[in-house]
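Below, each chain spelled out in residue letters.
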Amino acid sequence: MILACDVGNSESTFGLCDGEEVRVRWRVTTDGSRTPDEVYLLLLALLAAEGIDRRVVTGAAIGSVVPAVTTPLAIACRKLTGSPAVVVDGRSTLPITLQVDEPLTVGADRIINTLAASRRHQRDCIVVDLGTATTFDCITADGVFLGGVIAPGVQMQAESLFRRTSKLPATEIVAPTGVIGTRTDECIRAGVVLGSAEAIDGLVRRIKKAWPRAGAPLVIGTGGLAASFKDLCTELDIIEPDLTLQGLAMAHALLT
């Protein structure tokens with residue numbers, strides 16, 4: 001099986017993939033200060049916690065937007081699997097096209113989402129990835145990344161609000177019971193969560209209006225917060241929380 005490593009700015013998601021099926025997944029805090037040995041021990045601990053023999057992991061694929069993490073993780077994965085990890089970036093020879101002005105600056109997660117969405121659905125797609133940032137990836141059926149939108153993520157908005165206001169308390173970011181809050185925490189939830197849902201729907205509608213090809217694209221929600229917005233957004237057609245991990249498994253098969 002392949003260890004897929006999706007390294008985000010705040011959290012990293014690891015998935016053990018059998019083909020394109022994600023059998024087990026873990027989510028940990030991204031920490032650029034870990035040494036390769038520390039990362040290796042972390043991977044061993046994750047496998048041991050699920051009772052998984054390390055010998056079943058025969059390869060690894062990494063998609064990282066945090067350069068300080070990439071090299072230690074690649075070293076640790078090689079020690080774990082006995083073979084070099086596949087590191088996906090703008091130079092990777094994948095069957096996709098980055099039709100943007102600066103292709104080498106496109107984040108690994110967006111490259112991987114392009115590969116996964118185009119191969120899984122074979123139709124035009126908008127991938128809404130809800131992580132530290134909320135990204136909107138515009139992808140054609142034949143694997144062309146057209147560009148997209150990058151917006152502040154839901155948690156980022158909440159943390160900015162808490163930092164810059166002296167009397168607003170840190171609040172768990174979950175859906176409010178209603179849009180008109182009668183307590184401070186409910187007011188914050190309504191503003192952050194429902195405001196984000198409206199922003200997602202509004203941006204998707206604008207992207208659809210500007211879509212350069214015939215037919216409406218499929219809108220896919222993914223990322224750590226996608227499931228929380230499934231019932232809050234009207235423009236999300238499907239939720240695929242493992243899309244990026246599946247794309248990493250595909251990339252590993254294509255690049256090895």
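Residues numbered from 1 in each chain as written. Predicted model: local features only at pLDDT ≥ 70, side-chain atom pairs only at ≥ 80, totals over all residues. Heavy atoms only, no water.

A look at the overall build of the protein
A count of helices and strands for the protein gives 6 helices and 11 strands. Computed over the C-alpha atoms, the radius of gyration of the protein is 19 Å, within 12% of the 18 Å expected from 2.2 N^0.38 for a compact globule of 256 residues. By principal-axis analysis of the C-alpha atoms, the protein measures approximately 55 × 45 × 30 Å. Taken over 256 residues, the protein has a buried fraction of 48%. Restricting to contacts in the protein with at least 6 residues of sequence separation, those with at least 24 account for 56%. When the accessible surface of the protein is split by element, carbon and sulfur atoms take 51% of a total near 12500 Å². (Helix = DSSP H or I, 4+ residues; strand = E, 2+ residues; numbered from the N terminus. Rg over C-alpha atoms; globule rule 2.2 N^0.38 Å. Buried < 20%, exposed > 50% of the residue type's maximum accessible area, 1.4 Å probe, protein only. Contact = heavy atoms within 4.5 Å. Areas by Shrake-Rupley, 256 points an atom, 1.4 Å probe, with all protein chains shown as cover.)

Digging into the pattern of salt bridges
Enumeration over the complete set of coordinates arrives at 15 salt bridges. Residues Arg-23 and Glu-21 are paired through a salt bridge, measuring 3.5 Å at the closest nitrogen-oxygen approach. Under the relative-accessibility criterion, Arg-23 is labelled partly exposed at 47%. Owing to a relative accessible area of 46%, Glu-21 belongs among the partly exposed residues under this scheme. Arg-110 is the salt-bridge partner of Asp-137, the closest N and O atoms lying 2.5 Å from each other. Of the two residues, Asp-137 sits in strand 8 (residues 133-139) while Arg-110 sits in helix 3 (residues 108-121), which places them 27 residues apart along the sequence. Under the relative-accessibility criterion, Asp-137 is labelled buried at 0%. A cluster of three or more residues bridged by salt bridges with shared partners is formed by Arg-183, Asp-185, Glu-186 and Arg-189. (Salt bridge = Lys/Arg side-chain N within 4 Å of Asp/Glu carboxyl O.)

Some words on the sheet that holds strand 5 (residues 86-88)
Here we have 5 strands laid out as an open sheet, ordered 3-2-1-4-5, and mixed in their pairing. The open sheet has two edge strands with one neighbour each: strand 3 (21-29) and strand 5. Strand-to-strand, the axes of this sheet are offset by a mean angle of 20 degrees, without reference to chain direction. Of the pairings in the sheet, the one linking strand 2 (residues 11-18) to strand 3 comprises 8 bridges and is antiparallel in character. Bridging from a neighbouring strand, Phe-14 pairs with Trp-26 of strand 3. Helix-sheet contacts for helix 1 (residues 36-49) involve strand 1 (2-7), strand 2 and strand 3, and the interaxial angle to strand 3 is about 130 degrees. (Pairing = 2+ DSSP bridges. Axes fitted to C-alpha atoms, helices over the stretch in contact; angles between N-to-C directions.)

A closer look at the sheet that holds strand 9 (residues 144-152)
Here 6 strands make up an open sheet; going across it, the order is 6-9-8-7-10-11 and the pairing mixed. Lying at the two open borders of the sheet, with one neighbouring strand each, are strand 6 (97-98) and strand 11 (238-239). Relative to the sheet, helix 3 contacts strand 6, strand 7 (125-130), strand 8, strand 9, strand 10 (218-222) and strand 11, its axis offset from that of strand 8 by approximately 45 degrees.

Considering unusual backbone geometry
Of note in this structure, Gln-122 is not a glycine but carries a positive phi near 50 degrees. Residue classification places Gln-122 among the exposed positions, given a relative accessible area of 63%.

Points about the side chain of Ser-12
Position of Ser-12 among the secondary structure elements: in strand 2. Residue class for Ser-12 comes out buried when judged on its relative accessible area of 4%. Reaching out from Ser-12, the side chain makes a polar contact with the side chain of Thr-30 at a distance of 2.8 Å. Non-local contacts of Ser-12, meaning those with residues more than four positions away in its chain, are made with Asp-6, Val-7, Trp-26, Arg-27, Val-28 and Thr-30. (Polar contact = N/O pair within 3.5 Å; in protein donor to acceptor, adjacent residues only side chain to side chain.)

Here we look at the packing of helix 1 against helix 2 (residues 67-81)
Following both chains from N to C, one finds helix 1 and helix 2 inclined at 55 degrees, their axes separated by 8 Å at the closest point. Relative to helix 2, the element helix 1 lies oblique. Every pair of crossing elements has a handedness; the one defined by helix 1 and helix 2 is right-handed. Only Pro-72, Leu-73, Ile-75, Ala-76, Cys-77, Lys-79 and Leu-80 of helix 2 make contact with helix 1, whose side of the interface consists of Pro-36, Asp-37, Val-39, Tyr-40, Leu-43, Leu-44 and Leu-47. Residues of the contact of helix 1 with helix 2, tallied by class, amount to 12 nonpolar, no polar and 2 charged. (Parallel < 35°, antiparallel > 145°, perpendicular 65-115°, else oblique. Left-handed = near helix turned anticlockwise from the far one by under 90°. Nonpolar A, V, L, I, M, F, W, Y, C, P; charged D, E, K, R; others polar.)

What to know about the nonpolar core
Counting 28 residues, the largest nonpolar core has Val-88, Leu-94, Ile-111, Ile-220 and Leu-248 as the members making the most contacts within it. Going through the elements one at a time, strand 5, helix 3, strand 7, strand 10 and helix 6 (243-255) are the ones with two or more residues in this core. When near neighbours in sequence (up to four residues on either side) are disregarded, Val-88 contacts Ile-62, Gly-63, Leu-94, Ala-108, Ile-111, Ile-112, Leu-248 and Ala-251. Core analysis: the next-biggest nonpolar cluster, separate from the first, contains 25 residues, Val-7, Leu-47, Ala-60 and Ile-62 among them. (Core = buried A, V, L, I, M, F, W, Y, C linked by side-chain atoms within 4.5 Å.)

Read these as layout, nothing more, since geometry by itself doesn't imply function.
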